[in-house]
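Letter by letter, the chains look like this.
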Protein chains: 2
Amino acid sequence: MSRIFNFGAGPAMLPTAVMEKAQKEFLNYNDMGSSVIEISHRSAEFDEIINRCDSLLSELAEIPPNYKILYVHGGAQMQFSGVPLNLINYKPARKATFMLTGNWAVKASKEASRYGTSINAISSEDASFSYIPKWNPSDLDLESSYVHITSNNTLYGTRWHKFPETGDIPLVADMTSEFLSRKIDINQFGIIFAGLQKNLGPAGLALVIIREDLLGHALPETPSLLNYKVYEEQHSLANTNNTFAIYMMSLVLEWLNEQGGVGKIEIENSRKAALLYDFIDNSDFYEGTAHPDHRSIMNVTFNLSENELLSDFLEQARAAGLYALKGHRAVGGVRASIYNAMPYKGCEALVDFMREFEKDRG
Amino acid sequence: MSRIFNFGAGPAMLPTAVMEKAQKEFLNYNDMGSSVIEISHRSAEFDEIINRCDSLLSELAEIPPNYKILYVHGGAQMQFSGVPLNLINYKPARKATFMLTGNWAVKASKEASRYGTSINAISSEDASFSYIPKWNPSDLDLESSYVHITSNNTLYGTRWHKFPETGDIPLVADMTSEFLSRKIDINQFGIIFAGLQKNLGPAGLALVIIREDLLGHALPETPSLLNYKVYEEQHSLANTNNTFAIYMMSLVLEWLNEQGGVGKIEIENSRKAALLYDFIDNSDFYEGTAHPDHRSIMNVTFNLSENELLSDFLEQARAAGLYALKGHRAVGGVRASIYNAMPYKGCEALVDFMREFEKDRG
């Protein structure tokens, strides 16, 4: 069977080696005569899996010892409620500051306003979120309990290259579409969270990394299974967690380790992105949509100069084994999501296709 | 490879035919050259899966048209918060009545008390939850927004054979460990919910079936992704859902359909349970722990008359391919969970083992 190149934004392509390993042991994990999805989350075998996940994450992301790793139900969007429920009470004014660089930050800001006051500090909505606005740290409302950013904007193909300086106020980053794709200094952040379904595994779960002093501030109305302290105290097993997602993540992390870790994959990701951006920049037929200074290396967004050719482009791409290139319904155009699992040759195949398409139709 | 008989309470054994189908197409769903876990929750292919789930559920459980089917993050325990957040505001007194027939109802009652007043109407805690107490409908506090029961008590091996009559007050049932194992009349209930990991699929998701007039009463502090109305409006895809769990459930439902549906499987489940209970009742070496009138057909709990033999029993059972028979840590003893996927011959193998063990050690 030939695997397609899947440019979908998420649930996204996973490394083929990971998928093959999971398939092989799907009915018989660890010679137990049972699947990993059929065993107790409290079994010795699952304990080994979740511990392996913890230690691989600690090593790959260089997570300092004063940070806790949690596996939280509901994906990243559930944390749009989880973060304010756990942290907006950190300072008595119950304020949180949001950097509106895309749709997800807008959603997170709205959700937080159920529990306190959301301050929208900057926004690039006027230009379809195509850039990361400048922000002056002296503008920060010092009554803020935290500052929320989306570090990589999946829909618009932008990212924060350098993160905002928020001093003593915890910086919270939604890193769903880029966690473990580039080296970052965890110490800059109070909370990092990421839905798994882009770079880490299958959908339905979020990874939450939290500085330990930020635990224990949850509002009284916080559901137990959104209380990060409950997760921390019970090693994310207060109830039956999404064991399949944690297992798959452990395989993805092992694979990433075998690739040489985050530093190595960042170089590879930059090469992949450069191949696409260089081609787009040298073409009159394709137009990049993100500001060149703020381009993501995970999601490459562009338009065709002749928009009426878009549906032909997408259809022919799919026929050529290049899947899910359609931009998000809120944005349109083309989006190539090139997460860690996308091989360089996938990007080459896309560039080849784009060149041919331009030749035929341009 | 030989599959063990897995008596674990959940995550539990799934039908081997389902597991084999999922394994076969794990890297190549529907000839797409991609796994089902790698495709968008908004793709035509996934749309087909979730629609199939809906229609199979409607048919198998005979769900009336005025009920909505939701796939909600976080498993059953998340609904211990989700139900009060959505329904305790149904009447202005913000009260909910709980029938304490086990640990899960106790937890649900405590969680609901964050959002209103929990009334604990009956309890069998004095007798280790080994029976379902009598309840007089005239005792019902008519200011209650709903009445909560656990229809089958996984830890203690009891179930409600006949459900309480609550008149106009919605009856909410946590059916995690028995949904689709016996015929029930959905019309008796306002909400039914069930974590998937026992009879329906892998862990991490809950099925929620709700009478449509009970939607739209959520408290303002309800997280969007715990608001059942949001799920209903967006066909459970307000964010990226646990697509793997929904896919696996669709396969389990197809399998159940092929077995002849709920009526047929209930007969089979009753036969399986009778085999075990009859053997236990005819033995002096084994003692059933649930009151005979309230016995579950999903979880068969018993003790050895000589408790010091328990660890030998469990160890030798495991060596004989009978896995995860240890009772819940809150209860001890032995528990054989015999959900839909457990074949009759698994129960025969257990009885054979029990007979031999008694002969050797009794």
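By convention here, each chain's residues receive numbers from 1 onward along its written sequence. Written order decides the labels, with chains lettered from A and ligands numbered from 1. Selection of residues for local features in this predicted model requires a pLDDT of at least 70, selection of side-chain atom pairs for listing and counting requires 80 or more, and totals for whole chains, interfaces and linings are taken over all residues.

1. Regarding the relation of the copies chain B and chain A
Only residues with pLDDT of at least 70 in both copies contribute their C-alpha atoms to the least-squares superposition of the copies. When chain B is fitted to chain A, the best match, at an RMSD of 0.0 Å, comes from turning it 180 degrees and sliding it 0.0 Å along the axis. Here the copies are linked by what is in effect a two-fold axis.

2. Comments concerning the interface of chain B and chain A
Our contact criterion uses C-beta atoms placed from the backbone: two residues qualify when those atoms are within 7 Å. The interface is formed by 57 residues belonging to chain B together with 57 residues belonging to chain A. Contributing elements (two or more residues each) for the side of chain B that touches chain A: α1 (16–24), α3 (75–87) and α6 (243–258) of chain B. When its residues are assigned to classes, the side of chain B that touches chain A shows 25 nonpolar, 26 polar and six charged. The helix and strand labels rest on DSSP assignments: H or I over at least four residues marks a helix, E over at least two residues marks a strand, and numbering proceeds from the N terminus. Gly is put with the polar residues, along with every residue not named as nonpolar or charged; the nonpolar set is Ala, Val, Leu, Ile, Met, Phe, Trp, Tyr, Cys and Pro, and the charged set is Asp, Glu, Lys and Arg.

3. Description of the sheet that holds strand β10 (residues 205–211) of chain A
Sheets are built from strands that pair by backbone hydrogen bonding, the pairs being arranged parallel or antiparallel. Residues and elements named next belong to chain A. Note: two strands are recorded as paired if DSSP finds a minimum of 2 bridges between them. The seven strands are arranged β2-β10-β9-β8-β5-β3-β4 in an open sheet whose pairing can be described as mixed. Edge positions in the sheet fall to β2 (67–73) and β4 (117–123), since each of these pairs with one other strand and no more. Neighbouring strand axes in the sheet, compared pairwise and without regard to direction, differ in orientation by 20 degrees on average. The pairing of strand β9 (residues 191–195) with β10 spans five bridges and is antiparallel. Residue pairing in the sheet places Ala194 in a bridge with Leu207 of β10. In this analysis, axes come from line fits to C-alpha atoms, helices being fitted only over the stretch in contact, and the angle between any two N-to-C directions falls in the range 0 to 180 degrees. Helix α3 (residues 75–87) rests against β2, β3 (95–100), β5 (144–150), β8 (171–174), β9 and β10 of the sheet, and its axis sits at about 155 degrees to β9.

4. Re the pairing of β10 of chain A
On a regular strand, each side chain points to the face opposite its neighbour's, so the side chains alternate between the two faces of the sheet. Residues and elements named next belong to chain A. Here a residue counts as buried when 20 or more other C-beta atoms fall within 10 Å of its C-beta, as exposed when 12 or fewer do, and as partly exposed in between; the C-beta atoms come from the backbone. For β10, a buried count of six out of seven residues is recorded, marking the element as mostly surrounded by other parts of the structure. Bridge analysis of β2 against β10 gives seven bridges, and the strand direction is antiparallel. In the strand pairing of β10, Lys68 is matched with Ile210.

5. Here we look at the environment of Gly75 of chain A
Along the chain, the position of Gly75 of chain A falls in helix α3. Look at Gly75 of chain A and you get buried, because 27 C-beta atoms sit within 10 Å. Among residues more than four places away in sequence, those in contact with Gly75 of chain A are Gly195, Ala203, Gly204, Leu205 and Ala206 of chain A together with Asn239 and Thr240 of chain B.

6. With respect to the packing of helix α1 (residues 16–24) of chain A against helix α6 (residues 243–258) of chain A
All names here are of chain A. It is the contact of α1 with α6, at a shortest axis distance of 9 Å, that shows an interaxial angle of 135 degrees. Accordingly, the angle class assigned to the pair α1 and α6 is oblique. Remark: the crossing between α1 and α6 carries right-handed chirality. Contact with α1, carried on its side by Ala17, Val18, Lys21 and Ala22, involves Met248, Leu251, Val252 and Trp255 of α6 and no other residues of that element. When the residues that make up the contact of α1 with α6 are grouped by side-chain class, the tally is seven nonpolar, no polar and one charged. Note on terminology: angles under 35 degrees are roughly parallel, angles over 145 are roughly antiparallel, angles of 65 to 115 are roughly perpendicular, and the others are oblique. Two helices cross in a left-handed way if the nearer one is turned anticlockwise from the farther one by less than a right angle. They cross in a right-handed way if the turn is clockwise.

That is the geometry; function is a separate question.
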